[in-house]
Amino acid sequence: MFLKVQLSWNVIIPAESLDTKGLMLQKSIITRLLDDFSTKKATKENGYFLAVTTLDNIGEGRVRQHTGDVLFPVLFTCITFRPYRGEILEGVVHKILKHGVFLRCGPVENIYLSNQKMSDYKYVPGENPIFMNDKLSKVEKGVAVRFSVIGTKYIETEKEFQAVVSLEGDFLGPVS
Amino acid sequence: MAEKGGKEFSLPKGKSSLKTPASVKGKDDSSAKSKGGRKVQFDSEDSLESKINMSSKSDGKTDTPVAKGDWGKGGKGGKSPIRKEASALELKIEQELPKNAKCLMDCEAAAILQGIQEQMVVLSEDPTIKIPTAFDRGLQYAKSGCHYTNPQSVRRVLEPLEKHGVSVSEMCVIANLCPESSDEVFALIPSLKGKKDKLTNPLKDTLSELAKLKQRT
């Protein structure tokens, strides 16, 4: 699910980037914010950070002792993407193993669909293994699949989400 | 905060609560692994330490949705995954949503992200401006899941469903599904099944309105 989130962060402007001209200061605050935004990549609550849409408010700067850097509280709105349990999403298959397949869905790299969660599909071994059901519907590399999300997990050290998903239920499976 | 959050996530729920006592008292370790997490908690010695652990565990649990618990079980691999089916896969986004956040439909996200993409030529001229790595993949996903050209009218069509008890997140999932029938909606969003009687007719109207907005490609 895409989210629109308003966040309040502190942006630190190094003393040497401070400028007497107001516009330049604003610019360095924005560049620094975008920089922090990209570096942060994702959080557990908000999901993956995609883009800042508006800068809503820049608060009064506070000079930090010793360094002379200035800290500005900044209020901004951004777009994020986070997988949720119970959600229906579409992903593209990128790896097929005997016991299940891995999919990609937007910024989420590792989505696992176990063969136990698509019990009507059978593993067909070969050079390019696939999963296929009686109706000849195929789960193969590069195919888009609609699935429901059973669980999600956020890995703090990698700043990545992982999800386990299922095809059990009607209206789920490969989409043309 | 960071440490706690990390702990909660990097380990399955049952295990994480057990970790400290297990590492202190070796004999707990084996029983903890063979049995489910929580029961062992109560079986094990009621030393002060395990009590502390239990309380910290329940604290963590208040903001821990079912999802993580299930993931934990799955991750452990010991439990049969079929058991999870017992608890319906209900959307609980509203409860998990951080404050100041709201759900967007794929088509809304696509419109906003595409607007930024159009500025990219200018933006990329300035090497100091960094674009998040997830941006492109997010845009790509939003575009692939975008079945409607005009997000505003999609919202307008879906909003009447709100007074029939459909939450904003459910509305967004409906828009993202681009469903052809109300059966499809009820099959994919189990949380709406309870309201099926009241919802079927308004939903049918909504879906036929939505169909008119569909992108002709």
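Named according to an unreviewed UniProt entry, chain B is DNA-directed RNA polymerases IV and V subunit like originating from Actinidia chinensis var. chinensis. In UniProt, chain B has this text filed under Sequence similarities (unreviewed entry): "Belongs to the eukaryotic RPB4 RNA polymerase subunit family."

Named according to an unreviewed UniProt entry, chain A is DNA-directed RNA polymerase subunit originating from Actinidia chinensis var. chinensis. Turning to chain A, the UniProt annotation filed under Subcellular location (unreviewed entry) states: "Nucleus". We quote the UniProt Function (unreviewed entry) comment for chain A here in full: "DNA-dependent RNA polymerase which catalyzes the transcription of DNA into RNA using the four ribonucleoside triphosphates as substrates."

## Some thoughts on the overall build of chain B
What chain B contains, in helices and strands, is 14 helices and one strand. Carbon and sulfur atoms make up 54% of the accessible area of chain B, which amounts to about 12,200 Å² in all.

## A few points about the sheet that holds strand β11 (residues 138-139) of chain A
Residues and elements named next belong to chain A. Taken in spatial order, the three strands of this open sheet run β9-β10-β11, and their pairing is antiparallel. At either margin of the open sheet sits one strand with a lone partner, and together these are β9 (122-124) and β11. Pairing geometry for β9 and strand β10 (residues 130-132), over three bridges, is antiparallel. The residue bridging Val 124 from the neighbouring strand is Ile 130, located in β10.

Criteria and cut-off values
Residues numbered from 1 in each chain as written. Chains lettered and ligands numbered in written order. Predicted model: local features only at pLDDT ≥ 70, side-chain atom pairs only at ≥ 80, totals over all residues. Heavy atoms only, no water. UniProt positions renumbered as here; feature names shortened; annotations may be inferred. Helix = DSSP H or I, 4+ residues; strand = E, 2+ residues; numbered from the N terminus. Areas by Shrake-Rupley, 256 points an atom, 1.4 Å probe, with all protein chains shown as cover. Pairing = 2+ DSSP bridges.

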